[in-house]
Structure formats: structure tokens, C-alpha cells
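Residues per chain are reported as follows:
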Amino acid sequence: MFNSYDKPLPIIDEDSKGYWEHARAHRLSVQVCKACGHRHFPPTPVCPACLSNTQSWEPVSGRGTLVSWVTFHRAYWTAFRDDLPYHVCLVQLEDGPLVVGNFVGAIPENAAMGMPMKVQFDDVTPDISLAKFVPA
Ligand SMILES: [Zn+2]
């Protein structure tokens, strides 16, 4: 199953390594500043609130609310062609940051801002599990 994944994959670096370790265990996480407690995403080498470089990755609930979504009708990468149309959504986590991910399945007719959402993970390679979202 993993051999068939031909879409672009994230590049794991020192700043994002903790996120991908949690994702592999199917836990959504955000970066937390050890100096001021600020929670943020995506990863940054220093805290955007206080510039401290002492940060960690902490799991969050994976629940949130739908802020917006977009439907792709054109494949900008050949490997996405069979998925068309697919949806990408913006979710406000109940634990803080906004995150972007695929919206799994069809957009419900009653979809609206504030709709409860929850994360689910897609194991696309032995090392990479992608966070995606479904209505809660
Ligand atoms: Zn900070």
C-alpha cells in the first residue's frame, strides 16, 4: 500500500520532527513555548510570541471547528488527478492554532463555519501519517 503513494511528502526537519512523531502515533500536536506557553502551528525555530527557542510538541484533542474550505477541481500535481474534486479545509482547533488539512469525503450540504470537526490520520508511508479532517 505504501509503495503506491506518489504524492509530494513533507520534508521532516528539526523544527517539525516532533509533529511527525506524534502524527505517526495518530496524535495531532502543536508547538508549545516552554518560556511563555504560547501554542502555535506551523513549526517555527523560535516562539512567535517571545522569541524563545525552547519549545516542545504537545498533543491536542484533534477537535475543532470548520473555518473555511476550498474545493480543488484541477490537479496541480499529477498524482492528485484521481482525487478530483477534493477538498481542503481550515480548522480552528479547540486547543488554539488554526490548521489546514484535507477534508475527508464529500462536503455535507449543511456545511458551515463553526461545524464541529475532528482529526483523523492517513498513514501514507511507514514514516508519514497525514492529519485530515472529518465532521465530528
Ligand atoms: Zn514564547
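As shown above, the structure is provided for reference.
Predicted model only: the values in this text are computed from it and were never measured. (Residues numbered from 1 in each chain as written. Predicted model: local features only at pLDDT ≥ 70, side-chain atom pairs only at ≥ 80, totals over all residues. Heavy atoms only, no water.)

Novice: What exactly am I supposed to notice about the coordination of the zinc ion here?
Specialist: Note on metal geometry: ideal angles are 109.5 degrees for four donors arranged tetrahedrally and 90 or 180 degrees for six donors arranged octahedrally. Summarising the metal site, the zinc ion is bound by the protein donors Cys 33 (SG), Cys 36 (SG), Cys 47 (SG) and Cys 50 (SG), whose distances to it range over 2.3 to 2.4 Å. Here the zinc ion binds 4 donor atoms, and the angle range of 102 to 115° at the metal identifies the geometry as tetrahedral. Coordination of the zinc ion draws on donor residues from a single chain, spaced C-x2-C-x10-C-x2-C in sequence. One end of the pair, Cys 33, is in strand 1 (residues 29–33); the other, Cys 47, is in the loop between strand 2 (39–40) and strand 3 (55–59), and 14 residues separate them in sequence. For the pair formed by Cys 33 and Cys 47, the shared burial category is buried. (Donors = N, O, S within 2.8 Å, 3.2 Å for Na, K, Ca; no water. Tetrahedral: all angles 85-135°; square planar, octahedral: opposite > 155°, others 65-115°. Helix = DSSP H or I, 4+ residues; strand = E, 2+ residues; numbered from the N terminus. Buried < 20%, exposed > 50% of the residue type's maximum accessible area, 1.4 Å probe, protein only.)

Novice: Got a minute to help me understand the nonpolar core in this structure?
Specialist: One broad trend across soluble globular proteins is that nonpolar side chains are buried collectively. The biggest cluster of nonpolar side chains holds 24 residues, and the ones touching the most others in it are Tyr 19, Leu 28, Cys 89, Val 91, Leu 93, Met 117 and Phe 133. Not counting residues up to four positions away in its chain, the partners in contact with Tyr 19 are Leu 28, Ser 29, Phe 41, Trp 57 and Ala 131. (Core = buried A, V, L, I, M, F, W, Y, C linked by side-chain atoms within 4.5 Å. Contact = heavy atoms within 4.5 Å.)

Novice: I keep staring at the pattern of salt bridges and nothing clicks. Help me out?
Specialist: When their charged atoms lie close together, side chains carrying opposite charge are able to pair. Going through the model one piece at a time under the given rule, you end up with 6 salt bridges. Note that Lys 17 is salt-bridged to Glu 14, the shortest N-O span being 3.8 Å. Ionic pairing is found between Arg 24 and Asp 123, a salt bridge with its closest N-O pair at 3.1 Å. You can see Arg 24 sitting in helix 1 (residues 17–24) and its partner Asp 123 sitting in strand 7 (residues 116–123), a full 99 residues away along the chain. (Salt bridge = Lys/Arg side-chain N within 4 Å of Asp/Glu carboxyl O.)

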